[in-house]
Amino acid sequence: MSTGLPVRDQFPDIAALIDVLPVPALVRAAGTLVVQTNLAFRSHTGLSAGDDGLLAVHPDDRDAAAAHLAATGSAEAGEIRVRDRRGGYQRFLTAPAITAQSAGRPCAVLVL
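Residues numbered from 1 in each chain as written. Predicted model: local features only at pLDDT ≥ 70, side-chain atom pairs only at ≥ 80, totals over all residues. Heavy atoms only, no water.

## A look at the overall build of the protein
Worth spelling out the cut-off: Put simply, DSSP H or I for four residues or longer makes a helix, DSSP E for two residues or longer makes a strand, and each gets a number counted from the N terminus. Residue contacts are counted whenever heavy atoms from the two residues lie within 4.5 Å of one another.
In terms of regular secondary structure, the protein is built from four helices and six strands. Going residue by residue from the N terminus, the α and β elements of the protein occur as α-α-β-β-α-α-β-β-β-β. For the protein, contacts bridging at least 24 residues in sequence account for 45% of all contacts bridging at least 6.

## Examining the pattern of salt bridges
We apply this condition: In what follows, salt bridge is the name for a side-chain nitrogen of Lys or Arg lying within 4 Å of a carboxyl oxygen of Asp or Glu.
Counted under the stated rule, the structure contains four salt bridges. Between aspartate 61 and arginine 81 there is a salt bridge, with its nearest N and O atoms 2.9 Å apart. With aspartate 61 in the loop between helix H3 (39-45) and helix H4 (62-70) and arginine 81 in strand S3 (residues 78-83), this residue pair connects regions lying 20 residues apart in the sequence.

## Digging into the nonpolar core
So the rule is basically this: For the purposes of this section, nonpolar cores are sets of buried Ala, Val, Leu, Ile, Met, Phe, Trp, Tyr and Cys residues that join through side-chain atoms within 4.5 Å. Whether a residue is buried, partly exposed or exposed follows from its accessible area with a 1.4 Å probe, protein chains only, as a fraction of its type maximum: under 20%, in between, or over 50%, in that order.
Residues Leu26, Phe41, Leu54, Leu69, Ile80, Val82 and Leu112 are the most contacted members of the largest nonpolar core, which totals 16 residues. Every element with two or more residues in this core is listed here: H4, S3 and strand S6 (105-111). Core analysis: the next-biggest nonpolar cluster, separate from the first, contains eight residues, Ile18, Ala25, Val27 and Ala29 among them.

## Section: the pairing of strand S1 (residues 25-29)
To be explicit about the condition: Note on pairing: DSSP must find at least two bridges between two strands before they are called paired.
By the criterion of burial, S1 is predominantly enclosed, with five of the five residues buried. With burial as the criterion, each face of S1 is covered, one bearing Ala25, Val27 and Ala29 and the other bearing Leu26 and Arg28. Relative to strand S2 (residues 36-37), S1 runs antiparallel, the two sharing two bridges. Among the inter-strand pairings, valine 27 is bridged to a residue of S2, identified as glutamine 36.

## As for the environment of arginine 91
To be explicit about the condition: Polar contacts, as counted here, are pairs of nitrogen or oxygen atoms within 3.5 Å of one another; within protein the pair requires one atom able to donate a hydrogen and one able to accept it, and residues that are adjacent in sequence qualify only if both atoms are side-chain atoms.
Relative to the elements of secondary structure, arginine 91 occurs in strand S4 (residues 89-94). Between the C-alpha atoms of arginine 91 and glutamate 79, which are twelve residues apart in sequence, the distance is 6.7 Å. If near-sequence neighbours (up to four positions away) are discounted, arginine 91 is found in contact with Glu79, Ile80 and Arg81. A distance of 2.7 Å separates a polar atom in the side chain of arginine 91 from a polar atom in the side chain of glutamate 79.

## Quick notes on the pairing of S4
Regular strands place their side chains on alternate faces of the sheet. As judged from the six bridges shared by S3 and S4, these two strands associate in the antiparallel manner. The residue bridging glycine 78 from the neighbouring strand is threonine 94, located in S4. The antiparallel hairpin formed by S3 and S4 contains five residues in its connecting segment, where glycine 87 sits at a positive phi of about 100°.

Written out as structure tokens, the structure is:
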């Protein structure tokens with residue numbers, strides 16, 4: 001169940017961890033609906049810190065990206081298209097989702 005707070009407010013340790021990654025990344029904590037982003041993702045897309053990262057994913061790829069984040073511990077890589085600041089789409093290969101623990105709850109981190 002979502003608390004209504006952004007992931008970065010609920011899980012500051014995860015937010016700090018992904019913000020230092022030099023590559024775009026998405027994170028979703030168990031029980032939350034909004035997919036948070038790191039600084040590299042926001043720089044590429046122009047999204048703000050509180051925006052849902054899936055808004056920048058191509059509409060045809062959103063379900064696959066959401067499913068990838070839901071399947072924590074998945075060993076599968078994938079490919080998604082992400083909108084850049086100019087409105088064009090760039091293809092990204094996705095690494096398998098990483099499962100992390102924060103405040104006793106699992107989080108899925110998807111690195112592009």
